[in-house]
Structures are given as structure tokens and as C-alpha cells.
Amino acid sequence: MKRGLLSLWSGLMGLILITLVQSSGPPISNASSAKPSAVDPALLHTLQARHKLLAKQLTQLMPTQPYILVDTARNHLYIKRQDQVMLDALASTGSGTILDKPGDSKGQWIFDTPRGEFTVQSRLTNPVWVKPDWAFIEEGLEVPKSQADRLEPGVLGEYALGFGKGYFIHGTLYTRLLGKNVTHGCIRLNDDDLKSVYRHAKVGTPIMIF
Amino acid sequence: MTFLCATLSVLLSLTSVSWAGELDVVPALDLTDPAVLQEATRVLEEEIKLAVRPQTYVLIDLAASAILIKGRGVELHRIPIESWSTAHLSQLATTYRLRERPLVNRRKIGPVAGAEQDPISLADMPTTFTLQFSPPLTILVLSNTDGNPWQWTMQRGRAWWRRVTSWRNILWTEDKSPSPPSLDLTVSLDHAQSLAWTVTEGMPFLIRRPTTP
């Protein structure tokens, strides 16, 4: 019993010592972490030039025209041009909820606003909502066979900007829900903000969503 | 035996605190230092490859103690790191792809689900979670637990258990292959949830390492 305890004690103390040695060491990199006493000026110049070139290349990839930025966690949409915020609008984004597809035991819709970088694909005025299957299933209604029965005008506001696989930035009748995650993946705005976004955005304008 | 375990727990907790403190360094970017330049250049080379594609990516800047959500080189969102620790700093020099998002308890909607379900929100996101990457890397995200000793104990316990099992494998099993790199990040509770919300499957992660202690 005593021997077992001693062995356990030794093992654990060894573990602590190993960890302490590991943790107390300074952070290191592939490059030498110790600053050389005499830096070769030619090497330094080469490194600085390379760094400057790459930094310039990265800067050139940044959008120069206005772009749309969407914060889905805090439900805000911004129009930005470089560092300048041109619009800060309260939005509604995806609810993250799930709806099972009837007749498909494994199939389901997940109502997330997609994250990543997209571009404005279309600019619509007075858009008509073509209700997808999930909109009927969610309400417990039968999915219509006729396309005409899917059309619902007046619910998307005066404008809509299409992006990704069937998503839109559009208006809403439910302005009291702005600031909350309540949509099926689209991004909702109030009428004034929607008008402003429509004015600034062209087809091809980047939309960055996180 | 109980006394022994209690003593060890205290010792383990104390070493954990000192570790986090010692490695929480925020060096300024010194472009006259070749090591700093080399690291910054390496990260820029990797970042340009990511920024040319239409995607968002994450730069964990250990030198500046911040997690940056970026797209096209633009900083979209910044999450301050309160402390971090790793035993594998020299290995963290590539682009990692997140294997899967942290698990979220999503609510079902529809007529079958009955009453209207609440949407998910930031508050539903985990405050402590592990991110697994390809090539192998484990990032343990811990949230600041000021004023909540129970959460602190649970988090530290989890971090230590991971380390203990890792060392047990090295010391007492036949598997002598090097353990995959790991990084522990402590952020505020809100920021931990924000990070869990933001990351997506396949998202690229870059790490900029400090070059001075």
C-alpha cells in the first residue's frame, strides 16, 4: 500500500515538474527567438522589403468600394467603405432552428444565415415572395402544386438584394423583431435602412457575414 | 489518500495559474527584429492565400492577444484574448481547417413541435469548448470565470485532465508518436460565445506567434 502511494506520488510529482518546465519556457518560434547581437543589415533590409511587399498585396485585396458587413450574433448590418461606417442598421438574421422534411427521416432545414463572403447577385424592386416548401410545412399547410399559389406580394418590402443560394436582404412587416434571430436565413431591415442599402449596393458588391 | 489528492489538486491549480500568467505576453511588432519580421511575413504569406478567396477566416494573433475574424484582409471582428498557453508553439505554423462547429442545442419548429420555439441566440452558445482541426490541432477555449469558483474549477479540471491523459499516453503506453499540438485560449464569457457562434465547419485558422518572451 505504502509502495503504491509512493509510486503514485512520484508519478504525479514528475508530471507536475514536466509541466512546469514546459510552461516556464519562453514562447519560441521557428525563427530564432533570441535577438542576435548584431543584425545583418542586408538580411534585415531583405526581410523588411518582403514584408512591405506582402502587406501591400494584402491591402490590394481589400474592397475599395462600399461593402456590406453582417454581424449575425448581434443582428447588425453595416455598410462600410474601408474604415468608414456609412450605415449601421439593426437587422434580423437566421434563427438557427430546425424543421424536419416530411417523408424524409434524415432530411431537415436549418434556418441559419450563411456565414462567409458573398456578392450581391440581384437587385429587385417591389419583390414578390415565392414561398418555398418549408413556409407551408411550418404552418401545417399542404405544399401547393401551382406556382401561382406560392406568390405573396408585399411582405418583402420595396427592395430585395439576392445573395448566396436563394437568400435575400429584404424588408419586413415585423419591425419589432429587428435585433433578434428570427428569420429563415434571410436578412431583414426596416424600410429606411433597406432603401439605403439598395442605393449603395450594386450587383457584385461584397457581402461579408460572420 | 484523500489528503494526498487534495494536496495535488491545490498544487495543480496553483501551477495552472502561474502558467497562464507567465505566457500572457503582448509584444509590440518590432520590424527591426528579424525574428518578428520572419513570423509576420510567414503569416502574411498564408493570409494572402486565404484572402484571395471569397471566404472568412480566423487569425489568432498571440502576439497581439486577439482573435481576428477576417475576410479579404479586412478585420471584421476582434475578440481579445485574456490569456493563452501552449507547449507546442513552434509547431503552430500552418493553416488549420476547423473540422466542425461547437455543438449547439437547436430547437425544432413546425406544427409537430407544438408551441412556437425560441430561436437560438448567443446565450445558447457554449462558454467552454474544444475545436478540432485538420491538420491535427486542438484549441481549448475557456471563458473568464470571475466570481464563479465552480466554473473555474470545472474548466481547470478539464484542461488538466487533457494534459494528464496526454502525458499518460506518452509515459505509459506503447504509442510514442508525438502528441498533436494544442492551444488553450481564455477569453471573456461573451467572447467565448461569440467565437462559438462565428466559426463554421472548414473555416481556416492562422496563428501568429510571439517571438519574444
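Refer to the structure presented above.
Below is a short write-up of the structure.

Definitions and limits used
- Residues numbered from 1 in each chain as written.
- Chains lettered and ligands numbered in written order.
- Predicted model: local features only at pLDDT ≥ 70, side-chain atom pairs only at ≥ 80, totals over all residues.
- Heavy atoms only, no water.
- Helix = DSSP H or I, 4+ residues; strand = E, 2+ residues; numbered from the N terminus.
- Expected span 1.5 Å × (residues − 1).
- Buried < 20%, exposed > 50% of the residue type's maximum accessible area, 1.4 Å probe, protein only.
- Polar contact = N/O pair within 3.5 Å; in protein donor to acceptor, adjacent residues only side chain to side chain.
- Contact = heavy atoms within 4.5 Å.
- Salt bridge = Lys/Arg side-chain N within 4 Å of Asp/Glu carboxyl O.

## Digging into unusual backbone geometry
- Note that the residue after B:Ser134, namely B:Pro135, is joined by a cis bond; omega there is -5°.
- Relative to the elements of secondary structure, B:Pro135 occurs in the loop between strand S6 (129-134) and strand S7 (137-143).
- In the Ramachandran plot, A:Gln82 falls in the positive-phi region, its phi being about 50° despite a non-glycine side chain.
- With respect to the helices and strands, A:Gln82 occurs in the loop between strand S2 (76-81) and strand S3 (84-90).
- The backbone phi angle of A:Asn126 is positive, close to 45°, even though this residue is not glycine.
- When you line up the elements, A:Asn126 lands in the loop between strand S8 (122-125) and strand S9 (128-130).

## A look at helix H2 (residues 34-51) of chain B
Residue and element names in this part refer to chain B.
- With 18 residues, H2 should reach 26 Å at 1.5 Å per residue; the first-to-last C-alpha distance of 25 Å fits that figure.
- For H2, a buried count of 15 out of 18 residues is recorded, marking the element as mostly surrounded by other parts of the structure.
- The N-capping residue of H2, defined by a side-chain oxygen 2.9 Å from the backbone nitrogen of Ala35, is Asp33.

## Quick notes on the environment of B:Val58
- Structurally, B:Val58 can be placed in strand S1 (residues 56-61).
- Apart from the residues within four sequence positions on either side, B:Val58 is in contact with B:Ile67, B:Leu68, B:Ile69, B:Met203, B:Pro204, B:Phe205 and B:Leu206.

## A few points about the pattern of salt bridges
- In total, this model carries 16 salt bridges over all chains according to the counting rule given.
- Two residues, B:Arg101 and A:Asp112, come together in a salt bridge whose shortest N-O distance is 3.9 Å. Of this pair, B:Arg101 sits in the loop between strand S5 (96-98) and S6 while A:Asp112 sits in the loop between strand S6 (108-110) and strand S7 (116-119), which puts the two residues in different chains.
- Classification of B:Arg101 as buried rests on a relative accessible area of 18%.
- Overlapping salt bridges bring together A:Asp112, B:Arg101 and B:Arg106 as one network.

In short, geometric facts, not functional conclusions.
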